[in-house]
Amino acid sequence: MSALASIDPRDWIRDVPDFPKPGILFKDITPLLGEPKAFRAVIDRLAEQFAGRKIDAVAAAEARGFIFGAPLALALGVGFVPIRKPGKLPYQTVSLEYALEYGTDRLEMHNDAVGPGQRILLLDDVLATGGTMRACRDLVQRTGAEVVACAFVVELSFLKGREMLKPCEVSSLIIY
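Residues numbered from 1 in each chain as written. Predicted model: local features only at pLDDT ≥ 70, side-chain atom pairs only at ≥ 80, totals over all residues. Heavy atoms only, no water.

The name given to the protein in an unreviewed UniProt entry is Adenine phosphoribosyltransferase, with the source organism recorded as Singulisphaera acidiphila. Quoted verbatim from the Catalytic activity (unreviewed entry) heading of the UniProt record, the comment on the protein is "AMP + diphosphate = 5-phospho-alpha-D-ribose 1-diphosphate + adenine". If you open the UniProt record of the protein and go to Pathway (unreviewed entry), you find "Purine metabolism; AMP biosynthesis via salvage pathway; AMP from adenine: step 1/1." (UniProt positions renumbered as here; feature names shortened; annotations may be inferred.)

And the structure:
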């Protein structure tokens with residue numbers, strides 16, 4: 001067993017009470033990012049889950065999804081597709097507006113980033129209510145690409161975000 005296999009990433013996830021508002025217990029991944037062996041273990045475990053599957057690219061939403069998405073894409077030997085907030089990408093984009101608890105938001109990606117027949121792995125740091133990942137899924141599918149799975153480092157299961165992503169496969173390393 002490698003030294004990384006014995007690492008429990010939960011040891012580097014900090015609970016921050018009352019952030020961003022009272023009553024919320026925030027799962028802070030910053031300590032995990034600061035510990036190279038723990039960070040590497042997370043990327044290795046995600047890569048193991050999807051090794052051998054036909055995946056053409058990893059796509060992730062800004063900003064924390066990028067932190068895990070780019071190294072995972074390298075580990076899998078595939079490209080990385082950034083999905084961003086409006087106005088952040090320099091080339092022609094496709095976009096999708098989606099509902100939030102109070103209002104709406106919009107995500108964009110380059111119009112040539114993915115296309116018909118491509119198989120895309122979506123990744124984010126945390127699955128909470130599922131709204132952002134659902135928008136990412138819908139945006140990618142709108143191009144004719146196939147979503148292989150929605151993967152997460154952390155899942156807050158009590159928020160039932162998986163329900164929003166059906167029928168997509170959902171994979172989470174850590175479930176609270």
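Can you walk me through the side chain of Ser 171 in this structure?
Tracing the backbone through its elements, the reader meets Ser 171 in strand S9 (residues 170–175). A distance of 2.4 Å separates the side chain of Ser 171 from the side chain of Gln 49, its partner in a polar contact. Once you skip the residues sitting within four places of it in the chain, Ser 171 turns out to touch Gln 49, Phe 50, Cys 150, Ala 151 and Phe 152. (Helix = DSSP H or I, 4+ residues; strand = E, 2+ residues; numbered from the N terminus. Polar contact = N/O pair within 3.5 Å; in protein donor to acceptor, adjacent residues only side chain to side chain. Contact = heavy atoms within 4.5 Å.)

Honestly, the sheet that holds strand S8 (residues 146–155) in this entry has me stumped. Any pointers?
Across a sheet, strands are paired by hydrogen bonds formed along the backbone, either parallel or antiparallel in direction. On the basis of which strands lie adjacent, the open sheet formed by 5 strands has the order S4-S3-S7-S8-S9 and parallel pairing. Strands at the two margins of the open sheet, each flanked by one partner only, are strand S4 (79–83) and S9. Put simply, the sheet's adjacent strands are angled 20 degrees from each other on average, direction ignored. Here helix H2 (residues 36–50) sits on the sheet in contact with strand S7 (119–127), S8 and S9, set at roughly 150 degrees to S9. Docked against the sheet, helix H4 (residues 131–142) engages strand S3 (57–61), S4, S7 and S8, running at close to 170 degrees with respect to S7. (Pairing = 2+ DSSP bridges. Axes fitted to C-alpha atoms, helices over the stretch in contact; angles between N-to-C directions.)

How should the pattern of salt bridges be read in this particular structure?
Two side chains carrying opposite charge are able to pair once their charged atoms lie near each other. According to the stated counting rule, one finds 14 salt bridges in the structure shown. In this structure, Lys 85 engages Asp 105 in a salt bridge whose closest nitrogen and oxygen atoms are separated by 3.1 Å. Here Lys 85, found in the loop between S4 and strand S5 (93–100), pairs with Asp 105, found in strand S6 (residues 103–110); they are 20 residues apart in sequence, far enough to count as distant. Residue classification places Lys 85 among the partly exposed residues on the basis of a relative accessible area of 36%. One salt bridge in this structure joins Asp 138 and Arg 137, with 3.0 Å as the shortest N-O distance. (Salt bridge = Lys/Arg side-chain N within 4 Å of Asp/Glu carboxyl O. Buried < 20%, exposed > 50% of the residue type's maximum accessible area, 1.4 Å probe, protein only.)

Would you mind showing me how to read the nonpolar core here?
Most often, soluble globular proteins keep nonpolar side chains buried together rather than apart. Counting residues in hydrophobic clusters, the biggest one holds 27 residues, and the most contacted among them are Val 58, Phe 68, Leu 72, Leu 121, Leu 123 and Val 154. Among the elements of the structure, H2, helix H3 (64–76), S7 and S8 are those that each provide at least two residues to this core. No other element matches H2, which puts 7 residues into this core. Those residues in contact with Phe 68, other than ones at most four positions away along the chain, are Ile 29, Leu 32, Leu 33, Phe 39, Val 42, Ile 43, Leu 123, Asp 125 and Val 153. (Core = buried A, V, L, I, M, F, W, Y, C linked by side-chain atoms within 4.5 Å.)

Could you clarify how one ought to interpret the UniProt feature "domain: Phosphoribosyltransferase" (unreviewed entry) in the protein in this entry?
Annotation from UniProt places "domain: Phosphoribosyltransferase" (unreviewed entry) at residues 40–154. Note that residues 40–154 is 31% helix and 38% strand, and that its end C-alpha atoms are spaced 15 Å apart.

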